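Listed below, chain by chain, are the residues.
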Amino acid sequence: MSNINEERLLKEFLEFVQIDSESCNEKAMGERLCQVLKEMGLEPITDEAGKTYDSNGFNVFARLPGEGEPMVLTAHMDTVVPGVGVKPEIRDGVIYSDGTTVLGGDDKSGICGILEAVRVILENKLPHRPAEIIFSIGEEGGMRGAKAFDCSQLKSKRAYVFDSSGEVGKVIVGAPGQIKVFADVVGRRAHAGLAPEDGISAIQVMAKAIARMNLLRIDEETTCNIGTIKAEYATNIVPERAELIGECRSRRDDKLEAQGKHMMDCLQAACDKYGATLEGGLTRAYSAYSHAEDDPFVQEIMAACRKAGLEPSLAASGGGSDANNMSANGLKALVLGTGMAKVHTVQEEITVKNLEDTAALVLAMAVK
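All of the points below concern the structure found in this document.

What counts and how
- Residues numbered from 1 in each chain as written.
- Predicted model: local features only at pLDDT ≥ 70, side-chain atom pairs only at ≥ 80, totals over all residues.
- Heavy atoms only, no water.
- Helix = DSSP H or I, 4+ residues; strand = E, 2+ residues; numbered from the N terminus.
- Buried < 20%, exposed > 50% of the residue type's maximum accessible area, 1.4 Å probe, protein only.
- 1 Å grid on protein atoms, 1.4 Å probe; cavity = no way out; pocket = protein on both sides within 12 Å on 5 of 7 lines; lining within 4 Å.
- Points joined across faces, edges and corners; volume = space filled by probe spheres on them.
- Nonpolar A, V, L, I, M, F, W, Y, C, P; charged D, E, K, R; others polar.
- Axes fitted to C-alpha atoms, helices over the stretch in contact; angles between N-to-C directions.
- Parallel < 35°, antiparallel > 145°, perpendicular 65-115°, else oblique.
- Left-handed = near helix turned anticlockwise from the far one by under 90°.
- Contact = heavy atoms within 4.5 Å.
- Phe/Tyr/Trp six-rings, centres within 6.5 Å; stacked < 30°, edge-to-face > 60°.
- Core = buried A, V, L, I, M, F, W, Y, C linked by side-chain atoms within 4.5 Å.
- Salt bridge = Lys/Arg side-chain N within 4 Å of Asp/Glu carboxyl O.
- Pairing = 2+ DSSP bridges.

Here's the deal with the environment of F182
Next, step 1: Here F182 is to be found in strand β9 (residues 177-186).
Next, step 2: With relative accessibility at 39%, the residue F182 sits in the partly exposed group.
Next, step 3: Placed 63 residues apart in sequence, F182 and I245 show a C-alpha to C-alpha distance of 4.8 Å.

Following this line, the structure appears as structure tokens:
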């Protein structure tokens with residue numbers, strides 16, 4: 001901790017949060033990260049991940065040579081909306097935006113913690129493990145940058161994703177998988193005043209289906225939600241098509257698949273009853289991961305927390321992250337807290353101390 005340059009760390013965080021990088025517009029942030037890595041003597045590698053989903057950005061990858069077992073250190077550079085024109089303010093050791101945008105500590109706190117620790121290692125020539133550094137794009141809204149990243153180039157078997165709210169020392173040992181539900185109910189158009197009995201209302205059919213669904217909190221590890229219902233017709237037309245977009249999540253794949261099937265069964269049953277047609281289906285967005293407390297992987301990060309003077313705490317998450325995709329690609333991955341709070345709101349905040357603690361934890365993990 002004593003080697004961390006707190007002034008430099010804070011200055012860089014304040015700079016980075018002022019670089020606009022909403023999802024699909026990460027180019028400027030990626031270019032700045034490449035410049036910073038080159039100034040540190042590393043060789044950044046970029047890819048064309050943005051082209052896979054209409055982003056102008058790219059993943060940034062760099063290797064820090066060392067001795068021993070390699071590890072992945074990763075954080076994402078994109079932010080949610082509203083994230084343009086961030087104006088950071090510091091009050092009593094806490095960093096906020098001016099209240100008109102998010103702050104961007106999600107996840108530039110993770111990026112800055114990683115970069116500061118690497119600088120300390122290089123400046124002080126500290127013996128350290130090899131690290132493969134990944135700064136991803138498109139994490140918000142589906143981890144699309146991580147999905148497009150070529151994990152075959154990695155030598156590491158373990159990945160540490162600095163991307164959780166909660167104090168530094170929080171370790172997310174389990175996170176759910178997610179299934180997206182895309183369904184269209186197709187009925188039959190008719191004049192709503194002259195011959196409504198000739199029509200099949202797609203809205204009515206969908207409403208009947210939704211009324212039968214188990215939604216929101218299903219159990220302690222499973223949730224389900226419908227985010228979009230869309231049908232736009234004049235009031236004198238029996239609507240022939242209605243669109244539904246939803247999701248279900250669970251930390252157990254069998255429960256995840258059962259919940260997705262339940263939603264589709266409800267839709268199909270309503271369509272069968274009223275003579276409508278069901279189109280669409282289920283898409284696996286990402287899979288769950290879980291690690292036991294006594295797993296050496298978990299014990300190792302807990303020991304690093306204590307080495308950094310932090311008290312580790314284990315938790316399970318209800319959200320996905322780049323760790324889900326890395327787990328699906330054969331890495332052991334988990335997510336670590338960086339101290340960010342009230343994320344995805346204009347009240348987002350982080351303490352200066354949490355920035356320092358994040359850098360200290362990375363340093364404790366890397367230095368022998």
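That was the structure; now back to the text.
Side note on unusual backbone geometry
Backbone phi values are negative for most residues with the exception of glycine, while trans is the configuration of most peptide bonds.
Next, step 1: For the peptide bond that leads from V81 to P82, omega is 0°, which places it in the cis range.
Next, step 2: Inspection of the secondary structure puts P82 in the loop between β3 (71-76) and β4 (89-91).
Next, step 3: Here the residue pair D106 and D107 is connected by a cis peptide bond, since its omega of 20° sits within 30 degrees of zero.
Next, step 4: Residue position: D107 is located in helix α3 (residues 105-124).
Next, step 5: One non-glycine residue, K125, lies in the positive phi region at around 50°.
Next, step 6: By the element assignment, K125 lies in the loop between α3 and β6 (131-136).
Next, step 7: The exposed category is assigned to K125, whose relative accessible area is 72%.
Next, step 8: Positive phi is not limited to glycine here, since L216 has a value of about 65°.

Here we look at empty space enclosed by the protein
Next, step 1: One pass over the full model with this rule turns up one cavity of 30 Å³ or more.
Next, step 2: The space that makes up the largest cavity amounts to roughly 40 Å³.
Next, step 3: What lines the largest cavity is simply T79, V80, V102, G104, D106, E140, H344 and E348.
Next, step 4: Across the lining of the largest cavity, the residue classes tally to two nonpolar, three polar and three charged.

Considerations on the packing of α3 against helix α9 (residues 352-366)
Next, step 1: α9 packs onto α3 with a crossing angle of 50° between their chain directions and a minimal axis gap of 8 Å. Taken together, the axes of α3 and α9 are oblique relative to one another. Crossing of α3 against α9: the hand is right-handed. The segment α3 lies against α9, with S109, G113, I114, E116, A117, V120 and I121 engaging L355, T358, A359, V362, L363 and A366.
Next, step 2: Grouping the constituent residues of the contact of α3 with α9 by class yields nine nonpolar, three polar and one charged.

A word on the packing of aromatic side chains
Next, step 1: For the structure shown, the criterion picks out two aromatic pairs.
Next, step 2: Ring centres of F61 and F149 lie 5.6 Å apart, and the angle between their planes is 70°; on these two criteria the pair is classed as edge-to-face. Highlighted residues: F61 in strand β2 (residues 60-64) and F149 in the loop between α4 (144-148) and β7 (158-165), separated in sequence by 88 residues. Pair check on accessibility: F61 and F149 agree, each one buried.

A closer look at the nonpolar core
Soluble globular proteins tend to pack their nonpolar side chains together in the buried interior.
Next, step 1: If you look at the biggest cluster of nonpolar residues, it comprises 83 residues, and the most contacted ones within it are F135, Y160, L361 and M365.
Next, step 2: When residues in this core are grouped by element, the largest group, ten residues, is from α9.
Next, step 3: In terms of nonpolar packing, the next biggest core, distinct from the first, is built from 25 residues, M206, I226, L244 and A276 among them.

Regarding the pattern of salt bridges
Next, step 1: Across all of its chains, the model carries 26 salt bridges by this definition.
Next, step 2: The salt bridge partner of E300 is R158, with a shortest N-O separation of 2.9 Å. A residue pair is termed long-range when its members are at least 10 positions apart, and E300 in helix α7 (residues 296-307) and R158 in strand β7 qualify at 142 residues.
Next, step 3: The exposure class assigned to E300 is partly exposed, which follows from its relative accessible area of 27%.
Next, step 4: Using a relative accessible area of 15% as the deciding quantity, one classes R158 as buried.

Some words on the sheet that holds strand β5 (residues 94-96)
Next, step 1: Taking strand neighbours across the sheet as the criterion, the three strands line up as β4-β5-β19 in an open arrangement whose pairing is antiparallel. At either margin of the open sheet sits one strand with a lone partner, and together these are β4 and β19 (349-351). The average angle at which neighbouring strand axes cross in this sheet is 30°, direction not considered.
Next, step 2: Along the sheet, α9 makes contact with β5 and β19, crossing β19 at roughly 65°.

Remarks on the pairing of strand β11 (residues 216-219)
Next, step 1: Relative to strand β12 (residues 222-230), β11 runs antiparallel, the two sharing three bridges. Residue pairing in the sheet places R217 in a bridge with T223 of β12.
Next, step 2: In this antiparallel pair of consecutive strands, β11 and β12, the connection spans two residues.

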